[in-house]
Amino acid sequence: MTTFMPRMFEGRTALITGGGSGIGQRIAERLAQQGASVALVGRSQSRLDSAAQGIIAAGGKAAGFAADVRDYDALARATGAAHEMFGALGIVLCGAAGNFPALASSMSANAFKSVIDIDLLGTFNTCRAAFEHLERPGASIVTISAPQAVQAMVMQSHVCAAKAGVDMITRTLALEWGPLGVRVNGVLPGAVADTEGMDRLAPPGPVREALAKQLPLRRIATKDDIADTVIFLCSDAAKYITGAIIPCDGGMTTAGMAIQTPSKSARPVQGTPVN
Ligand code: HXC
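Bear in mind the structure is a predicted one, so any value in this text is a computation, not a measurement.

Q: Please clarify how the overall build of the protein chain should be interpreted in this entry.
A: The number of helices and strands found in the protein chain is eight helices and seven strands. Its C-alpha atoms give the protein chain a radius of gyration of 19 Å, near enough to 19 Å, the size a compact globule of 275 residues would have. Taking the principal axes of its C-alpha atoms as reference, the protein chain extends roughly 65 × 50 × 40 Å. Taken across its 275 residues, the protein chain has 51% of its residues classed as buried. Long-range pairs, those at least 24 residues apart, make up 75% of the contacts in the protein chain with a sequence separation of at least 6. Accessible surface, the protein chain: about 12900 Å² in total, of which carbon and sulfur atoms supply 56%. Considering the protein chain, the positive charge centre built from 24 side chains and the negative charge centre built from 22 side chains are found 4 Å apart.

Q: Help me understand the state of the cysteines, please; the structure alone is not making it clear to me.
A: The term disulfide refers to a covalent linkage connecting the sulfur atoms of a pair of cysteines. This structure, assessed with the given rule, holds zero disulfides. A disulfide-free cysteine, cysteine 160 has its sulfur positioned 19 Å from the sulfur of cysteine 248, the nearest such atom. With a relative accessible area of 14%, cysteine 160 lands in the buried category. Not part of a disulfide, cysteine 234 finds its nearest cysteine sulfur in cysteine 94, a span of 11 Å.

Q: Quick question: what am I supposed to make of the sheet that holds strand 4 (residues 89-94) here?
A: The parallel open sheet is built from seven strands, whose spatial order is 3-2-1-4-5-6-7. Of all the strands in the sheet, just strand 3 (61-66) and strand 7 (245-248) have a single pairing partner and so form its edges. Direction aside, the axes of adjacent strands within the sheet are offset by 20° on average. Where strand 1 (residues 13-17) lies against strand 4, five bridges are found, and the strand directions are parallel. Paired with threonine 13 across the bridge in strand 4 is leucine 89. Of the strands in this sheet, strand 1, strand 2 (37-42) and strand 3 touch helix 3 (residues 72-86), which is tilted by about 160° from strand 3.

Q: Is there a simple way to think about the site of the ligand in this case?
A: Near the ligand, the surroundings consist of 20 residues, among which Arg43, Arg70, Ser108, Asn110 and Arg200 are the closest. The contact in question runs from an oxygen atom of the ligand to an N or O atom on the side chain of arginine 70, over 2.9 Å. With respect to the ligand, the side chain of arginine 200 contributes an N or O atom lying 2.7 Å from an oxygen atom. Considered on its own, the ligand offers 1100 Å² of accessible surface; in the complex 69% of this is hidden by protein. Broken down by secondary-structure element, the contributors of at least two residues to the shell around the ligand are helix 4 (109-131) and helix 6 (196-201). A per-class count over the shell around the ligand returns seven nonpolar, eight polar and five charged.

Q: I tried to follow unusual backbone geometry on my own but got confused; where do I start?
A: Across residues other than glycine, the phi torsion is negative in most instances, and most of the peptide bonds are trans. Following arginine 136, the chain continues into proline 137 via a peptide bond in cis, with omega recorded as 5°. For proline 137, the position within the fold is in the loop between helix 4 and strand 5 (140-144). With a phi close to 60°, aspartate 194 is a non-glycine residue in the positive phi region. Inspection of the secondary structure puts aspartate 194 in the loop between strand 6 (183-189) and helix 6. Not every positive phi belongs to a glycine, and arginine 218 is a case in point at roughly 60°. Its place among the elements puts arginine 218 in the loop between helix 7 (206-214) and helix 8 (223-234). When its relative accessible area of 55% is taken as the criterion, arginine 218 is described as exposed.

Q: Please clarify how the nonpolar core should be interpreted in this entry.
A: Ranked by internal contacts, the top residues of the largest apolar core, which has 31 residues, are Ile16, Leu31, Val38, Leu40 and Val187. With six residues, helix 8 is the single largest residue contributor to this core. Excluding residues that lie within four positions of it along the chain, isoleucine 16 makes contacts with Gly24, Ala28, Leu31, Val38, Ala39, Leu40, Val41 and Leu93. Counting 29 residues, the second-largest nonpolar core is a separate cluster that includes Leu15, Cys127, Ala130 and Ala174.

Q: Please explain helix 2 (residues 45-57) as it appears in this structure.
A: In an α-helix, one turn spans 3.6 residues; hence positions three or four apart end up facing the same way. The terminal C-alpha atoms of helix 2 lie 18 Å apart, and with 13 residues this matches the ideal 18 Å at 1.5 Å per residue to within 8%. Three or more residues of helix 2 are buried, namely Leu48, Ala51, Ala52 and Ile55. Buried residues of helix 2, seen end-on, are gathered within an arc of 100° and therefore sit on one face of the element. In helix 2, the exposed residues that point more than 90 degrees away from the buried face are Ser46, Ser50, Gln53 and Ala57. Packed against the buried residues of helix 2 are helix 1 (22-33), strand 2 and strand 3. Note on helix 2: the residue one or two positions beyond its end, glycine 59, has a positive phi of about 100°.

Rules behind the numbers
Residues numbered from 1 in each chain as written. Predicted model: local features only at pLDDT ≥ 70, side-chain atom pairs only at ≥ 80, totals over all residues. Heavy atoms only, no water. Helix = DSSP H or I, 4+ residues; strand = E, 2+ residues; numbered from the N terminus. Rg over C-alpha atoms; globule rule 2.2 N^0.38 Å. Buried < 20%, exposed > 50% of the residue type's maximum accessible area, 1.4 Å probe, protein only. Contact = heavy atoms within 4.5 Å. Areas by Shrake-Rupley, 256 points an atom, 1.4 Å probe, with all protein chains shown as cover. Lys, Arg positive; Asp, Glu negative; His and termini not counted. Charge placed at Lys NZ, Arg CZ, Asp CG, Glu CD. Disulfide = S-S within 2.5 Å. Pairing = 2+ DSSP bridges. Axes fitted to C-alpha atoms, helices over the stretch in contact; angles between N-to-C directions. Near = heavy atom within 4 Å. Polar contact = N/O pair within 3.5 Å; in protein donor to acceptor, adjacent residues only side chain to side chain. Nonpolar A, V, L, I, M, F, W, Y, C, P; charged D, E, K, R; others polar. Core = buried A, V, L, I, M, F, W, Y, C linked by side-chain atoms within 4.5 Å. Expected span 1.5 Å × (residues − 1). Arc of directions from axis to C-beta.

Right, here's the structure in full:
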């Protein structure tokens, strides 16, 4: 007998910021495989178009809507256009993020602000702009956290501050929007292979290998590990879960581990260390 396996997100619309590359792109592909129409948001239209073409070539539905998450008005236009093309948003993934290793003593105020604006303000802007277009009840919002939200890391003051704030946006919106039937959760990826963020912090080589050996699960994550967690949170299996930040980090945060960014990748220290 043929087994009929319905696709989980058939007829739903998913909007993904940072959907043109990295983890966001993989999440978009996986949501599309499950039947969702995916609206990809990011800064580069050509990168979004290429990611959308890949999904369409594999039989999915996708389109790119260029907007910088730091620009609320642009994001409002993108979410409106996505709603018009595909229907009300059932899934929203706040994936756009920025990172570079820099000691606080070497970082300009503008450098700090850039990451706060992309990660923290960008997450708020995405949720706020999407709110006008959500399936209510029924929508699921997923934010992307990081080990830096709970673990202080050298050269990451900007990211630690931003991602801790992202987690609190997640939990607060879960309170405010739960009564409307909108769930808001976060995924906390650890070290993920083949991503720009990991390549900046710990490029492939001895530092990364040492990290993998120390992780409780003894390996770096794949992008699919993260996508699996997002799919779970957006599925009916998670229908009673809101306000949760789920680590998908191989045990990194449970072990209290920090990524030791090689010092040669940072700009020079200002001032004289005391020891
Ligand atoms: C110190 C730096 C710097 C560095 C940039 N700046 N790189 N300062 N060290 N390595 C400073 C610049 O001099 C400038 O300050 C300010 O930051 C803004 O830089 P711009 O290049 O003008 O900004 P912009 O083009 O908007 O780029 C934003 C960015 C960039 C964050 C700086 O890296 C970016 O776009 N990244 C997106 C891609 C990315 O990083 N994805 C990975 C995310 S991974 P001044 O004062 O000169 O004006 C992630 C989690 C990883 O978030 C977790 C792993 C465990």
